[in-house]
Amino acid sequence: MGGWVGKIARINLSTGKISVEDLPQKTAVDYLGGRGLGARILYDEVGPSVEPYSPDNLLIFTTGPLTGTKAPSSSRFSVTTKSPLTGTILDSNCGGKAGLRLKDAGYDALIISGKAAKPVCIIVDEKGIKIQDAGQLWGKDVNETTDILLGQAANPLTASVACIGPAGENLVRFAAVINDKSKAVGRGGVGAVMGSKNLKAVVTSGESKQIAADQETLDFIVYEARKVIKQSPITSIGLPTYGTSALVRVMDMMGAFPSYNFTESIFEHLNDISGEMLREKLFIKQKACWGCPIGCKRETKTANGTGEGPEYESLWALGPECGIHDLEAIADANYLCNRLGLDTISTGVTIGCAMELEKRGIADEGVRFGDAKSMLKAVGDIAYRRNHGDALAEGSRRMAEKHGAKEFAMQAKSMEFPAYEPRAMGVQGLSFATSNRGGCHLRGNMLGPEMLGVPKIVDHSGATGTVGLLIYHQHISAAFDSLGVCKFAGFAVSDELLARMMTAITGIEFVPQNLHHAGERIWNLERLYNLREGFTSKDDTLPKRLMEEPLKDGPAKGRVVKLAPQLEEYYRYRGWDANGVPKKEKLKQLGLEA
Amino acid sequence: MSMLEEFQRIGRDLFLSGLVSSHGGNMSVRMGDRVLITHRGSQLGQITEEDVVETGLFDNDSGIMLASSETPVHRTIYMQTSGLAIVHAHPKVAVALSLFEDEIIPIDNEGSYLLHKVPVIASEIASGTAMAGIVAESLQKYKITMVRGHGCFAIGQVLEEAYQWVSCLEESALVIYYSRTLGGQMKEFRKNADQYKKW
Ligand code: SF4
């Protein structure tokens, strides 16, 4: 059978025990892999009594059936755990090579439990799995750690290092795992959970050997998929030329580009930080994740160094969100976040929140709107929990709450928002409020239909009818994350093409509806997880600002998010009761009944 | 744009481009457990507020008295696919082709690229439960399906997307018709032309 290897490895860091078990085919088909498989395992094995930093919490690396195959943009893998930032189920997705090398080594997933007595790393290759001392690596940044471990690999060309930096070691609640030096498993604190287990790195190696059940058909479908990628101006011009920062100007034009901690929806210094300016000033060369014909990554330089990025979200979070328009400083902060192992979005938005508290005279955490120097210093302090950094390392909600000012934290379920002003969009606010891992755009982004016209432009004034579209996107996003394919490919590649690739690779017939159904099953399972943790419909909410303070300026002037009626429609549409609990019939339909 | 305006815009275009006759065809959108669907016997080219009616997706209510006679087909499609909008039209050339073919395989560039292949299914009664099941099953795999001698059903995330598949199908059918009329040996330009049949 192509697609899945059929093996899962378990590693207990407390006991050193390593075992391998089969991946049941039904689980594979029902949950696909990646995010879906991680959710199933976490739901079954990590209950409400387990604290995120407890040895009993799991850190689960999963690949999808398309990871590392000929399917375009298919290097993705997921890391699933209980989040120390949100307390919800969390999976974070990444385009580095760690996942495909894991599959090449012979495993669909690694389930890591326990806590090592001293710092270790896990080495996975075709010969097996071992736990190795990492005492000399503890305290080192991501680049140093990666270089040392690659230097020790039998073949650095087929090895990949996913590691934490000082932020993960110091349990910063939004610490990331960084793969291949620059690709972040970014959101929700997966790096902190890894740090809590004394696990510095996971090194995976293997020679590519992904097979397909029907190679000839796969070649044809892949050819067709690459054709649509070439045909779309988003995936063939916008993203390759400007990277994701192509969105800066687009979002500002729509009045949906938040700045100054969401007190503005446009940015007065836009030209200084646009995708065009980034290309002109910092660009060295275009880069791509493994097997990706789009290539939205870019190598850049500043006076102080070189690195990858900044991506749209990072550029925004460390820039306009903090009132900063010094592009070099933003890029430097982005490089620093990668080296220290920090999620750029949560880092920037937490700092932005602290800046607003300072401006309002509520608290002084050492940062000022527009002051790039104080922002850069804060990034370092957060990773080492130095000075004010200790409070900021808790994330915006906890930091603001400490000062009695929770309403200024731009987050849902404690996860900081990305670069979309929900008041200027139809149901993006609803998307943030209902996301199972907290305020994020990657669980069902309305950017496509509301802003870019994919598949067609829809009314983004919040008119009725778009709630269903959001749910559609939530399901298909869950499928992308579970298959191991980048969601940017989804701007061109349809569910139909994905289903046909799945059929050709696995030999099991998949139709688009199977992917939507699996996406819905995954979404509901994640919801059940959060309900079991004690979350309720009251947590499906947004900061007061977004619901009560009309936008002051820009094309969306005067608008607020009308969340309550949208939420009601959303629950009904999903077959959930008025409290946001899936009804029995829905669970039965999805095969999730207890 | 409001939902009514969207119905009006697509309805008018369907009629003006000859994809439906004066009172033919119908359209709907899914709103959770409700369906907004064109009125039975309405003129798609002249939709007014009264021509878009609301009824249940899973259960009947009095709205069914007014709704299109093909409502059961729309409901079944919504229950079995991820479609959020449906356009049912009677594209003439595609209907003619469906009387001779078991599948329509476009030979023009756009049709090949967007549709690859459109299956043709057979059912004499346009609104029967049996047909609803076959159409819905086909739409799980294809975004547009022909019912022999009758018309097509297309699904999309929004009405405009479903309309695009209909329009694209008719253009492809027209190109097939013209090229057959011209006769001679077609010069193939698609790299994997022989694979489309397997789509
Ligand atoms: S589109 Fe960008 S992020 Fe996605 S796989 Fe390609 S290079 Fe990586």
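Only a predicted model underlies this, so the values are computations on that prediction, with no experimental measurement involved.

Some words on the sheet that holds strand β15 (residues 305–308) of chain A
Residue and element names in this part refer to chain A. Taken in spatial order, the 3 strands of this open sheet run β13-β14-β15, and their pairing is antiparallel. Edge positions in the sheet fall to β13 (283–287) and β15, since each has one partner strand and no second. On average, adjacent strands in this sheet sit at an angle of 15° to one another, irrespective of strand direction. Pairing of strand β14 (residues 297–302) with β15, which is carried by 4 bridges, proceeds in the antiparallel orientation. Looking at the pairing, Thr-300 lines up with Gly-307 of β15.

Some words on the pattern of salt bridges
Taken as a whole and assessed by the stated rule, the structure comprises 57 salt bridges over all chains. Between A:Arg35 and A:Asp481 there is a salt bridge; the shortest N-O distance is 2.9 Å. With A:Arg35 in helix α2 (residues 34–45) and A:Asp481 in helix α20 (residues 466–483), this pair connects stretches of sequence that are 446 residues apart. Residue A:Arg35 shares its accessibility class with A:Asp481, and that shared class is buried. Of the charged contacts in the structure, one is a salt bridge between B:Glu101 and B:Arg180, with a shortest N-O distance of 2.8 Å. Placement of the pair is B:Glu101 in the loop between α3 (92–98) and β5 (103–104) and B:Arg180 in helix α6 (residues 159–182), with a sequence separation of 79 residues. Taking the relative accessible area as the measure of exposure, B:Glu101 reaches 22% and is therefore partly exposed. Each of A:Arg35, A:Asp91, A:Arg443, A:Asp481, A:Lys487 and A:Glu526 takes part in salt bridges that share partners, so that together they form one network.

Comments concerning the interface of chain A and chain B
Taken together, the contacts link 30 residues of chain A with 30 residues of chain B. Taking both sides of the interface into account, the surface hidden between chain A and chain B amounts to around 2,800 Å²; carbon and sulfur atoms contribute 54%. Of all residues in chain A, the largest losses of buried area upon contact with chain B belong to A:Phe220, A:Lys456 and A:Tyr573, amounting jointly to 23% of the total for that side. B:Asp33 is paired through a salt bridge with A:Arg572; the nearest N and O atoms lie 3.0 Å apart. On the surface where chain A and chain B come into contact, there are 14 residue pairs in polar contact (both at pLDDT 80 or more). Breaking the side of chain A that touches chain B down by element, the ones donating at least two residues are α7 (215–231), α20, α21 (495–506), α22 (512–532) and α24 (563–574) of chain A. Looking at the side of chain A that touches chain B element by element, the count peaks at 9 residues for α7(A). Broken down by class, the residue content of the side of chain A that touches chain B amounts to 12 nonpolar, 8 polar and 10 charged.

Each value, and the rule that gives it
- Residues numbered from 1 in each chain as written.
- Chains lettered and ligands numbered in written order.
- Predicted model: local features only at pLDDT ≥ 70, side-chain atom pairs only at ≥ 80, totals over all residues.
- Heavy atoms only, no water.
- Pairing = 2+ DSSP bridges.
- Helix = DSSP H or I, 4+ residues; strand = E, 2+ residues; numbered from the N terminus.
- Axes fitted to C-alpha atoms, helices over the stretch in contact; angles between N-to-C directions.
- Salt bridge = Lys/Arg side-chain N within 4 Å of Asp/Glu carboxyl O.
- Buried < 20%, exposed > 50% of the residue type's maximum accessible area, 1.4 Å probe, protein only.
- Contact = heavy atoms within 4.5 Å.
- Buried area = accessible area lost by both parts, 1.4 Å probe.
- Polar contact = N/O pair within 3.5 Å; in protein donor to acceptor, adjacent residues only side chain to side chain.
- Nonpolar A, V, L, I, M, F, W, Y, C, P; charged D, E, K, R; others polar.

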